[in-house]
Amino acid sequence: MVGEGHAFDMIRRIKEGREASRLRRERTNEKLRHMNQAGEHYSLPNTTPEEMERIIKDSEKKKEKDSNYFVWGTLIIMGALILIAVILWAIFIK
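Since we're looking at a predicted model, the values are computed, not measured. Every chain's residues receive numbers from 1 upward, in the order its sequence appears when written. Totals for whole chains, interfaces and linings use every residue, but because this is a predicted model, local features are given only for residues with pLDDT of at least 70 and side-chain atom pairs only at 80 or more, for both listing and counting. Excluding hydrogens and water, the side-chain figures rest on all heavy atoms present in the structure.

1. Things to note about the overall build of the protein
Turning to step 1, where the next piece is worked out: Tallying secondary structure elements over the protein gives two helices and zero strands in all.
Turning to step 2, where the next piece is worked out: Partly exposed residues are those whose accessible area sits between 20% and 50% of the maximum for their type, while under 20% is buried and over 50% is exposed, using a 1.4 Å probe and protein chains only. Taken over 94 residues, the protein has a buried fraction of 0%.
Turning to step 3, where the next piece is worked out: Entry remark: accessible area of the protein is about 9400 Å², with carbon and sulfur atoms responsible for 66%. We count a stretch as a helix when DSSP gives it H or I for four or more residues in a row; a strand needs E for two or more, and each element gets its number in order from the N terminus. Only the protein chains shown count as cover for residues, and the accessible areas themselves come from Shrake-Rupley with a 1.4 Å probe.

See below:
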């Protein structure tokens, strides 16, 4: 019967899915164990609150600069495209 084969196929796929999930969980747990062991060997640097505050302010300034560069770059590109469009319009439409 076709229905019987289909049912066994579904059961097999469910079983394979469970096995794949179990293997994925084991690999994830192994990675976490490895990361935790590595973390024991390499301690985090001691950073004072003042240094953290300075680092945060510096990163905010950098984000603002990056944002300004993006805006200015966009304006320059748009201006160039408008200029090209005007030149082409002047050449082809007399």
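2. Considering the pattern of salt bridges
Turning to step 1, where the next piece is worked out: Here a salt bridge means any side-chain nitrogen of Lys or Arg lying within 4 Å of a carboxyl oxygen belonging to Asp or Glu. What the rule picks out here adds up to nine salt bridges.
Turning to step 2, where the next piece is worked out: Between R12 and E16 there is a salt bridge whose closest N-O contact spans 2.9 Å. Placement of the pair is R12 and E16 together in helix α1 (residues 2-41), with a separation of four residues, close to one helical turn.
Turning to step 3, where the next piece is worked out: Classification of R12 as partly exposed rests on a relative accessible area of 40%.
Turning to step 4, where the next piece is worked out: Since its relative accessible area comes to 44%, E16 is described here as partly exposed.

3. Side note on a nonpolar patch on the surface
Turning to step 1, where the next piece is worked out: Exposure above 30% relative accessible area and no salt bridge define the residues that can form patches, which grow by joining like charges within 9 Å and nonpolar side chains of Val, Leu, Ile, Met, Phe, Trp and Tyr within 5 Å. A cluster of nonpolar side chains, I77, M78, L81, L83, I84, I87, L88, W89, I91, F92 and I93, forms an exposed patch at the surface whose accessible area comes to about 1200 Å².
Turning to step 2, where the next piece is worked out: By secondary structure assignment, the location of W89 is in helix α2 (residues 49-92).
Turning to step 3, where the next piece is worked out: Here W89 falls in the exposed class, since its relative accessible area comes to 54%.

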